[in-house]
Number of protein chains: 2
Amino acid sequence: MTISSTTLNDVNIEAVGALISAVSDDATKADTQWRATVTWLGGFRTEAKIRSFDPIASDEPAGLGGTDTAPNPVEQVLAALGNCLAVGYAANATARGIAIDALRIDISGPVDLHTFLGLREGHAGFSSVQATVHLASPADAADIEALHAHVLSTSPVGHTLQAALPVTIQLAG
Amino acid sequence: MTISSTTLNDVNIEAVGALISAVSDDATKADTQWRATVTWLGGFRTEAKIRSFDPIASDEPAGLGGTDTAPNPVEQVLAALGNCLAVGYAANATARGIAIDALRIDISGPVDLHTFLGLREGHAGFSSVQATVHLASPADAADIEALHAHVLSTSPVGHTLQAALPVTIQLAG
C-alpha cells in the first residue's frame, strides 16, 4: 500500500490512517452507532433529520399518490448506495496512490408494486440493484480492477443491501 | 377497508386507488424502475441526483476522514427506511380511515468499522436496524396494531433491507 500524498483526491488519508491505528489499538472504537429521525409532514411528505444537517426531504410521485416534491424512499436507497460506493473508491484509491480524475456511478433497480399496494403478499422491495461505475483515472486497468474488488468487499451500504438484515420496528409504548 | 375522505391525512387516496385499479387491470403497471446518479465532488463529498430534484449531498464525519458537510451514506439508509415507513403509515392509515395526528420515527443501527477499514474480512454494513414509531392517533390500539403489522408487511425499503438482495456493481467498459 502506497500513501503518496495527504492531499491526493482531496482525501484526508491521515485521518483514515489515524482511525485505523485507533481501532487496531482499541477494537471498541470500531463500534459506531448511526441515527435518523423522521417526521411526517402530511400526505406522503416526510423529512429525515440527521445530526445538525438540513433534513432529507421525501415524497412520492403523483402516480403513487404523492405531491412529487422530493425523491422517494426507494430512490434514496439507491442514492445511499452510490454515495457509499463513491466514498469507497475515493478512500481506497487514495490509500493505494491512485488518482481519480472523475467518478460517476449510475444506480438502478426494479420494484414490483403489488406488495406495497396490498395486492399480493411477499417481497415489497427492490428485487435487485445494479450499479455501473464510470471511473476516470490514469492508473493501470489491473490496479483499477483490484481497487474495484476491494471497494465491493468493504462497502457498508453495499453489504447492508446484500445481507438479510434483522430490522426491528416497534410502536412506542 | 373504509375510505372515509379523499383528504384524510392530506393523502390523495384516490390516486392510490386508481393505481391499485390500474395494476389490477394490467399487472405490468406494477413494474417500476428507479434510478439515481452519483457524482464524486472530491474527498468524501458526493451528491446523488434523482430526477429533477436538488441532489442529496453526502460526506463523512471528520473522524472518518471527511469534511462533515452532510449526512453519510449509512445515515441515508436509515433516513430512507424512516421515510418509507412514514409513507406506509400515511397511506394505509388513510385507506383504513384512521386519522394521524402526528408521526415520528426514530431509526438507529450499529456498524462495526473493521471491514470498512480493511482490518477484517466480512460484513461491512449494519448488523441490525431498529426503528421506534411514535404515532399519535385517535384510533383504537387494536386498529393501530393492525395498521402497524400491515405497514411492516408491505414496506419497500423495510423489505429491501430485510432481504439478501442481489447487488451487481460493475466498472463501465
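Note that this is a predicted model, so its numbers are computed, not measured. (Residues numbered from 1 in each chain as written. Chains lettered and ligands numbered in written order. Predicted model: local features only at pLDDT ≥ 70, side-chain atom pairs only at ≥ 80, totals over all residues. Heavy atoms only, no water.)

Asks: Before we go on, may I ask you to explain the overall build of chain A in this structure?
Replies: When helices and strands are counted, chain A shows four helices and six strands. Reading the helices (α) and strands (β) of chain A from amino to carboxyl end gives α-β-β-β-α-β-β-α-α-β. Projected onto the principal axes, the alpha-carbon positions of chain A cover approximately 55 × 40 × 30 Å. Looking at chain A as a whole, 54% of its 173 residues are labelled buried. The contacts in chain A between residues at least 6 apart in sequence include a share of 47% that link residues at least 24 apart. For chain A, the accessible surface area stands at approximately 6900 Å², while carbon and sulfur atoms represent 52% of it. Of the side-chain charges in chain A, 8 are positive and 18 negative, and the distance between the mean point of each set is 7 Å. (Helix = DSSP H or I, 4+ residues; strand = E, 2+ residues; numbered from the N terminus. Buried < 20%, exposed > 50% of the residue type's maximum accessible area, 1.4 Å probe, protein only. Contact = heavy atoms within 4.5 Å. Areas by Shrake-Rupley, 256 points an atom, 1.4 Å probe, with all protein chains shown as cover. Lys, Arg positive; Asp, Glu negative; His and termini not counted. Charge placed at Lys NZ, Arg CZ, Asp CG, Glu CD.)

Asks: Would you take a moment to explain the nonpolar core for this structure?
Replies: Ranked by size, the top nonpolar core spans 106 residues in total, and within it Tyr89 and Ile105 of chain A together with Tyr89 and Ile105 of chain B carry the most contacts. In contact with tyrosine 89 of chain A, not counting residues within four places along its chain, are Thr94, Ile100, Leu103, Ile105, Val133, Leu135, Leu147, His148, Val151 and Leu152 of chain A together with Ile169 of chain B. (Core = buried A, V, L, I, M, F, W, Y, C linked by side-chain atoms within 4.5 Å.)

Asks: Help me understand the pairing of strand β6 (residues 167-171) of chain A in this model?
Replies: Side chains on a regular strand alternate between the two faces of the sheet. Alternating positions in β6 of chain A separate cleanly, Val167, Ile169 and Leu171 of chain A being buried on one face and Thr168 and Gln170 of chain A remaining unburied on the opposite face. Sheet topology note: the β6 of chain A/strand β5 (residues 129-136) of chain B ladder contains five bridges and is parallel. Looking across to β5 of chain B, one finds that valine 167 of chain A is bridged to valine 129 of chain B. (Pairing = 2+ DSSP bridges.)

Asks: Would you take a moment to explain the sheet that holds strand β6 (residues 167-171) of chain B for this structure?
Replies: Strands pair in a sheet through their backbones, by hydrogen bonds, and they do so in one of two ways: parallel or antiparallel. Strands sit in the order β3(B)-β2(B)-β1(B)-β4(A)-β5(A)-β6(B) across an open sheet of six strands; the sheet is mixed. Only two strands of the sheet have a single partner each, and these edge strands are β3 (56-58) and β6 of chain B. Mean inter-strand twist for the sheet, computed between neighbouring axes without regard to direction, equals 20 degrees. (Axes fitted to C-alpha atoms, helices over the stretch in contact; angles between N-to-C directions.)

Asks: Got a minute to help me understand the layout of surface pockets in this structure?
Replies: The gaps left among the atoms become clear once a water-sized probe is rolled over them. By volume, the largest pocket is sized at about 320 Å³. Going through the elements one at a time, β3 (56-58) of chain A together with β3 of chain B are the ones with two or more residues in the lining of the largest pocket. Taken together, the residues of the lining of the largest pocket break down into twelve nonpolar, two polar and two charged. (1 Å grid on protein atoms, 1.4 Å probe; cavity = no way out; pocket = protein on both sides within 12 Å on 5 of 7 lines; lining within 4 Å. Points joined across faces, edges and corners; volume = space filled by probe spheres on them. Nonpolar A, V, L, I, M, F, W, Y, C, P; charged D, E, K, R; others polar.)

Asks: Looking at this structure, how should I read the packing of helix α2 (residues 73-95) of chain B against helix α3 (residues 141-153) of chain B?
Replies: Two numbers describe a pair of packed helices, the interaxial angle and the distance between the axes. Residue and element names in this part refer to chain B. With their axes 9 Å apart at the nearest point, α2 and α3 run at an angle of 125 degrees to one another. With respect to their mutual orientation, α2 and α3 come out oblique. Our pair here, α2 against α3, has a crossing hand that is right-handed. Taken together, the residues of α3 that come into contact with α2 (itself represented by Leu85, Gly88, Tyr89, Asn92 and Ala93) are Leu147, His148, His150, Val151 and Leu152. Of the residues that constitute the contact of α2 with α3, the class distribution is six nonpolar, four polar and no charged. (Parallel < 35°, antiparallel > 145°, perpendicular 65-115°, else oblique. Left-handed = near helix turned anticlockwise from the far one by under 90°.)

Asks: How should I be thinking about helix α3 (residues 141-153) of chain A in this particular structure?
Replies: Note that an α-helix has 3.6 residues per turn; residues three or four places apart therefore point the same way. When the terminal C-alpha atoms of α3 of chain A are compared, their 18 Å separation across 13 residues agrees well with the 18 Å that a helix rising 1.5 Å per residue should span. All buried positions along α3 of chain A are accounted for by Ile144, Leu147, His148 and Val151 of chain A. Around the axis of α3 of chain A, the buried residues are gathered within 100 degrees of arc, so they sit on the same side. On the buried face of α3 of chain A, the contacting elements are α2 (73-95) and β5 (129-136) of chain A together with β6 of chain B. (Expected span 1.5 Å × (residues − 1). Arc of directions from axis to C-beta.)

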